[in-house]
Protein chains: 2
Amino acid sequence: MLLLFFLLLTSFLPCNTSHPLDPLTPSEFSTIQHTLKTSHLFSSSPPPSFQYVGLADPDKTDILYTLSDHHNSPPPPRRAFIILRSGHKTHEVILDITTKTIVSNTVYTGFGFPMFNFEEQTAASNLPFNYTPFLKSIKKRRIKLSEVVCTTFSVGWFGEVEKTTKRVLKILCFLTGDTVNLYMRPVEGITIVVDLDVMEIVDYKDRLVVPVPVAGGTDYRSSKQRPPFGPRGKPVEVVQPEGKGVAIDGHSISWANWKFHLGFDVRAGAVISLASVQELEHTMYRQVLYKGFVSELFVPYQDPTEEWYYKTLFDAGELGFGLSAVSLQPLTDCPENAEFFDGYYASQDGSPMKIKNVFCLFEKYSGDFAWRHTEIGIPGRVITEVRREISLVVRMVSTIGNYDYIVDWEFKTNGAIKFMVSLSGLLEVKGTSYTNLGQVEKDEDLYGSLLAKNTIGVNHDHFITYYLDLDIDGYNNSFVKAKMKTVKITDGSSLRKSYWTVIKEIAKTEADARINLNSEPPTDLLFVNTNKKTKMGNNVGYRLINHGAPVASLLSDDDYPQIRAGYSKKQLWVTAYNKSEKWAAGLYTDQSRGDNTLSVWSERNRVIKNKDIVLWYTVGFHHTPYQEDFPLMPTLSSGFELRPSNFFESNPLIKTRPFKRTEWLNCTHNP
Amino acid sequence: MLLLFFLLLTSFLPCNTSHPLDPLTPSEFSTIQHTLKTSHLFSSSPPPSFQYVGLADPDKTDILYTLSDHHNSPPPPRRAFIILRSGHKTHEVILDITTKTIVSNTVYTGFGFPMFNFEEQTAASNLPFNYTPFLKSIKKRRIKLSEVVCTTFSVGWFGEVEKTTKRVLKILCFLTGDTVNLYMRPVEGITIVVDLDVMEIVDYKDRLVVPVPVAGGTDYRSSKQRPPFGPRGKPVEVVQPEGKGVAIDGHSISWANWKFHLGFDVRAGAVISLASVQELEHTMYRQVLYKGFVSELFVPYQDPTEEWYYKTLFDAGELGFGLSAVSLQPLTDCPENAEFFDGYYASQDGSPMKIKNVFCLFEKYSGDFAWRHTEIGIPGRVITEVRREISLVVRMVSTIGNYDYIVDWEFKTNGAIKFMVSLSGLLEVKGTSYTNLGQVEKDEDLYGSLLAKNTIGVNHDHFITYYLDLDIDGYNNSFVKAKMKTVKITDGSSLRKSYWTVIKEIAKTEADARINLNSEPPTDLLFVNTNKKTKMGNNVGYRLINHGAPVASLLSDDDYPQIRAGYSKKQLWVTAYNKSEKWAAGLYTDQSRGDNTLSVWSERNRVIKNKDIVLWYTVGFHHTPYQEDFPLMPTLSSGFELRPSNFFESNPLIKTRPFKRTEWLNCTHNP
């Protein structure tokens, strides 16, 4: 009988090896849905609405124990974390999937509300079409209702003192007409507020009529283009004559000297866990990153007027960076050699939903070098050694309304991880009566740039904050600021009068690790394990290298959006690991008041020296639009990398052999 | 008769169209050599030594006139600029190549000396092997003379007041033995000074004996590696199923919406001229960059001790960034689809010398996007449009002794030019008795990092300065600082308390255009043509975007190397165009005293508003070595781009059609 039970159990296992950090599967989502629907939580009417469903983080110590030498120990319990909205209340539920039992159910009573789900945003967007004052406003503007499309915006928080129980959204409408580029044709002047829990318009204002931009020539679809066509080179395609170098086992990836786990979360999008890099001589893998993901995207617009002031968006916490992920298109979004992964999330009623091709993964060669040297110093000889750089990229693209965020995680054979964010997509524009800058008395009053007739591209920022739980060669790490400091020589001991030296400061508490790089002296930012030293006696570590200018928020400290995103004044924070501290702007970001955010946690000023630490790094963009960004912006990129710095005893790539290559390949298209 | 003359003239034209900016050809070098050798300049003995030979810059107005609508006007005279060293004097010669006449010959009497040529460096490196005190020093160290290799270093200037007429170099020696990685095995403690004009050792000191590092395992040659081999993925190769998109006519390149001229100069390396970008609707090309090249490479080491203090190198001005360029290896240094160009220079006796494959040029696809958008805002539809980014890269690699500099000029279809510098190659290391950091009392006394037994990687900087003569849509341009400034709202006119706005400051004189980005508020750095406006009324322009953290020199202002490279305290300078101001650290950089450099020119404080202006931008690296950099460093990159910003009326790539692609190609290696 027991044997039969085991046989049944194993027959349910998927063909791929499962991992305790695997994201919830479709059948797990169904189990969760069924378990909750048959519980007391669903006895009320209307039924609760699912706002978030994801894997409840197993305890880090359990994971590390299971994955170390204790493979035979039972995996940590498989649990889900669920946020429901029911009866104007926010419920947090922990559910054991294996036993199909509710482990805990608490009502959240703090500030802020959970992520919006798709269904309620769609329902809210449809409300104006049956709302008489709106129909009158459209008629007044002499535009066709059939060409109107509406979309939702979070309302933010602007100093209201009393606690609100109302989840509200604002609705903005656009004209389509001949173009699919609706964002270029805002119907300005109307304010519509919807209460989501009752799904009703609760406030409506039609303040002023602004011309809707004509937006001729803004349709970006290939099929709509007429000659002369835009510039391009000849196609360049990539091939892998020896096949692909990546091994995929479920969500576990191994490639070259890397292995890591790739999960999907509806809020964070890609979650990279247990990234570790191989020690060549010992075939042993050494930990680098316990867990990393995009924690928040803060996008404050810089226009204080009635219809724009509130646009201070938290795209991950309010809309879901994973929920907004697009299905990647093979051969365009990713190169020919890409592998694809699907993602799953729960809909409003808890049903499993699939995002096909939510990630792609490919080996990249961009013509760059891993290393090279030509030696002519030895008489009579010329030695040239070159190694091409082949890296591995994990890609996700999230489209938050008008904007497209391309997020690449690039694993390099030298041991580095490069984090790049690229922006594309459409600008958020504002209608105006101006048709030429000559008509404008004071440029600053535009709060942006005149990009086309009746069209202002509004100034704004993008702050993409990464959560990076570093475990560099072990659990306890330290943050070291290696400051370059000028030393003046005044004693005549050298013909030089100065040089710079490196003064290393180890951060003792969180206060020592709040850094705006723009106001620091030149500093190497090191994350080290002081418990492990190289043979030479250096602390084993990684360092952070910028691939763009560091950017910080310019809002005043007392401004409400700034209070909600206090962390955005510094690019770098290091905190003591705390399982509950995952979201830089707080778990409940919609209408949040900044009381449970990264900068507040850091105020506790915990010890971070030789502790389990988390690095928070923000990639930022100040975006003053230019005409080239209209009607759709060319990609703009920024990012950073974490690079081994005394992690290895020497360059791990010296022993890498070059690729054998004879000449140009003969290629034919498949029929 | 006149007709016959024309026929004769045209029959002399090479098959490729010649261009007035073409670099000197081998036959032109021979003409120059012959003309000079038969002149009075060569009547003395020993014969003069050629230090520099290159195209004398034609007047910019002549070039612009010839290339505008006046194609039938005669080209400017074809002239060479030559620097000779003769009788302890530096001669500047202008020679008309067509008429084979010396136009001018002047003796330079200022500070500093010309670039070293290869032959004199080699001769100097050989001197110690016949110098008895050196042979004794080698014997004392119990090392094999047959394994010793010597190389040369410039001596710098350290406050000597009297003018010197002595061109001197210092010699450093290394041990090879089992390895070709000689730089890891310095023979420390010996100072050798050579007078180049008489080719004699004029100073010799053997101060101390330091262990020569064993440097086991530092040979980087593939053939010397033994298992386990280093990590790598599977090869990724690029193919172009429709052929290459670039058209090459002599030195003139056209590709997609770009055309430009690519020349070689023995000092600067790649010289990009007349880069202009096409206006889609009018098929007209609009100017962007009149001329651009790497003007200087300043590499100050940060060790004030006797054997190291003077290492404050000006790699372009002293050694020639072009002279140090390597022959690029097809299929390793450049991708499969690369085209190659040769470069020519004059040897010490004026003979033409060839650097085969000094540049390569290839269309690049790295998996990135020109732009993309997914639209789900229109009910019932999902629209996805994606354009791959294919760009054109011009590449040169210069190996200055131990270091390899990879310089890429990337032309993008969006109108941007991206300037990237990548560092690889070997570190400059110092022998030491230390074998573990535990033995070191004060880390700072190492002036670097302990990388291996008896081996210190010395702290240093790299400052790569670009000369960019911008002609954005015409001759007269202006530099605008578009500063983002926080505005506080105190009148209750908005629920917001702040926003940022853009205050544009136009630089009137050179003093307004000396910028250390680390001490500026967030600023868009714009280069505009105020005489041309878009239809919307914006000034036509480009802006500078950083792809790395801005870096500036940390030496004290009164330190001699800093005086020689005064410009290195600011990343950005804008000067009024002056034909003679090309080299940031001066034309005569060896033993220079900083009196004829960028920062000095800028002190004239000329008007730069609505003038022909030159942008000088420095890409910098503070390099504290880490063990991974030993024995050969993984590539480290930084750079910037110039991107159209109100140059076009809208995104020029919207009308670009996607590449047609069906599926993965079938490829076979050629037999």
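What counts and what doesn't
- Residues numbered from 1 in each chain as written.
- Chains lettered and ligands numbered in written order.
- Predicted model: local features only at pLDDT ≥ 70, side-chain atom pairs only at ≥ 80, totals over all residues.
- Heavy atoms only, no water.
- Helix = DSSP H or I, 4+ residues; strand = E, 2+ residues; numbered from the N terminus.
- Buried < 20%, exposed > 50% of the residue type's maximum accessible area, 1.4 Å probe, protein only.
- Contact = heavy atoms within 4.5 Å.
- Buried area = accessible area lost by both parts, 1.4 Å probe.
- Salt bridge = Lys/Arg side-chain N within 4 Å of Asp/Glu carboxyl O.
- Polar contact = N/O pair within 3.5 Å; in protein donor to acceptor, adjacent residues only side chain to side chain.
- Nonpolar A, V, L, I, M, F, W, Y, C, P; charged D, E, K, R; others polar.
- UniProt positions renumbered as here; feature names shortened; annotations may be inferred.
- Disulfide = S-S within 2.5 Å.
- Pairing = 2+ DSSP bridges.
- Axes fitted to C-alpha atoms, helices over the stretch in contact; angles between N-to-C directions.
- Least-squares fit on C-alpha atoms with pLDDT ≥ 70 in both.

### Examining the environment of Asn518 of chain A
Part 1 of the reasoning: Note on placement: Asn518 of chain A falls in the loop between β29 (514-515) and β30 (523-533).
Part 2 of the reasoning: Judged by its relative accessible area of 34%, Asn518 of chain A falls in the partly exposed class.
Part 3 of the reasoning: Sequence spacing of Asn518 of chain A and Leu297 of chain A is 221 residues, and the spatial spacing of their C-alpha atoms is 21 Å.
Part 4 of the reasoning: When neighbours within four sequence positions are excluded, Asn518 of chain A is seen to be in contact with Pro550, Val551 and Gln571 of chain A together with Asn518 of chain B.

### Things to note about unusual backbone geometry
Part 1 of the reasoning: For the bond from Pro227 of chain A to Pro228 of chain A, the omega torsion is 0°, close enough to zero to count as cis.
Part 2 of the reasoning: Put simply, Ser45 of chain B and Pro46 of chain B share a cis peptide bond, and its omega is 0°.
Part 3 of the reasoning: Summarising the element assignment, Pro46 of chain B is placed in the loop between α2 (26-37) and β1 (49-55).
Part 4 of the reasoning: One non-glycine residue, Lys100 of chain B, adopts positive backbone phi at about 55°.

### Some words on the interface of chain A and chain B
Part 1 of the reasoning: Chain A puts 179 residues into the contact, and the matching count from chain B is 180 residues.
Part 2 of the reasoning: With both chains or domains summed, chain A and chain B bury close to 17000 Å², and 56% of this area falls on carbon and sulfur atoms.
Part 3 of the reasoning: Applying the counting rule to chain A against chain B returns ten salt bridges.
Part 4 of the reasoning: Close ionic contact of Arg372 of chain B with Asp404 of chain A constitutes a salt bridge, the shortest N to O distance being 2.7 Å.
Part 5 of the reasoning: In this assembly, chain A and chain B are joined by 100 residue pairs in polar contact (both at pLDDT 80 or more).
Part 6 of the reasoning: A per-class count over the side of chain A that touches chain B returns 79 nonpolar, 59 polar and 41 charged.

### Things to note about the UniProt feature "modified residue: 2',4',5'-topaquinone" (unreviewed entry) in chain A
All names here are of chain A.
Part 1 of the reasoning: Within this numbering scheme, the UniProt entry marks Tyr403 as carrying the feature "modified residue: 2',4',5'-topaquinone" (unreviewed entry).
Part 2 of the reasoning: Judged by relative accessible area, which is 2%, Tyr403 ranks as buried.
Part 3 of the reasoning: If sequence neighbours within four positions are ignored, Tyr403 has contacts with Tyr301, Ser398, Leu423, Ser424, Leu426, Leu427, His460, His462, His623 and Met633.

### Topic: the state of the cysteines
Residues and elements named next belong to chain A.
Part 1 of the reasoning: Applying the stated criterion across every chain yields a total of four disulfides over all chains.
Part 2 of the reasoning: Here Cys150 is linked by a disulfide to Cys173, with a sulfur-sulfur distance of 2.1 Å. Across the S-S bond of Cys150 and Cys173 the torsion is about 100°, and the bridge reads as right-handed. Of the two residues, Cys150 is situated in strand β5 (residues 148-154) and Cys173 in strand β6 (residues 168-175); the sequence distance between them amounts to 23 residues.
Part 3 of the reasoning: The buried category is assigned to Cys150, whose relative accessible area is 8%.
Part 4 of the reasoning: Accessibility expressed as a relative area gives 5% for Cys173, which makes it buried.
Part 5 of the reasoning: Linked covalently through their sulfurs, Cys334 and Cys360 form a disulfide whose S-S length is 2.1 Å. Negative torsions about the S-S bond denote left-handed disulfides, and the value of about -95° found for Cys334 with Cys360 makes this one left-handed. Linking Cys334 in the loop between α6 (315-319) and β16 (339-346) with Cys360 in strand β17 (residues 352-364), this pair joins segments that are 26 residues apart in sequence.

### With respect to the sheet that holds strand β7 (residues 190-195) of chain A
All names here are of chain A.
Part 1 of the reasoning: Ordered by their spatial adjacency, four strands build an open sheet running β5-β6-β7-β8, and the pairing between neighbours is antiparallel. Either end of the sheet is taken by a strand with one partner, and the two such strands are β5 and β8 (200-206). The average angle at which neighbouring strand axes cross in this sheet is 30°, direction not considered.
Part 2 of the reasoning: Relative to β8, β7 is paired through six bridges, and the arrangement is antiparallel. Along β8, the bridge assignment pairs Thr191 with Lys205.
Part 3 of the reasoning: Strands β5, β6 and β7 of the sheet are contacted by helix α4 (residues 118-126), whose axis makes an angle of about 130° with β5.
Part 4 of the reasoning: Lying over the sheet, helix α5 (residues 132-140) contacts β5, β6, β7 and β8, oriented at roughly 30° with respect to β8.

### Digging into the relation of the copies chain A and chain B
Part 1 of the reasoning: By a simple turn and slide, chain A fits onto chain B: the slide is 0.0 Å along the axis, the RMSD is 0.0 Å, and the turn is 180°. Such a turn and shift between the copies fits a two-fold axis.
Part 2 of the reasoning: Most of the interface of chain A is mirrored in chain B, where 100% of its interface residues again form contacts.

### Comments concerning the environment of Leu289 of chain B
Residues and elements named next belong to chain B.
Part 1 of the reasoning: Along the chain, the position of Leu289 falls in strand β14 (residues 284-300).
Part 2 of the reasoning: Accessibility expressed as a relative area gives 2% for Leu289, which makes it buried.
Part 3 of the reasoning: Here the alpha-carbon distance between Leu289 and Pro77, two residues 212 residues apart in the chain, equals 23 Å.
Part 4 of the reasoning: For Leu289, the residues in contact, after removing those within four places along its chain, are Ile272, Ser273, Leu274, Ala275, Trp409, Ile417, Leu468, Asp469, Leu470 and Asp471.

### A short note on the pairing of β14 of chain B
Look at any regular strand and the pattern is simple: side chains alternate between the two faces of the sheet.
All names here are of chain B.
Part 1 of the reasoning: Buried residues dominate β14, accounting for 14 of its 17 residues.
Part 2 of the reasoning: Taken together, the eight bridges between strand β13 (residues 269-279) and β14 define a ladder with antiparallel strand orientation. Counterpart to Val277 in the pairing with β14 is Arg286.
Part 3 of the reasoning: Taking the residues that link successive antiparallel strands as the turn, the β13-β14 hairpin has four residues, and the phi of Thr283 there is positive, at about 55°.
Part 4 of the reasoning: Note that β14 and strand β26 (residues 460-470) share eight bridges and pair antiparallel. Each residue of the ladder has a partner; that of Glu296, found in β26, is Thr465.
Part 5 of the reasoning: Two strands pair when backbone bridges link them, and β14 and strand β15 (residues 312-314) are joined in this way by three bridges, in the antiparallel orientation. What sits directly across from Pro300, in β15, is Thr312.

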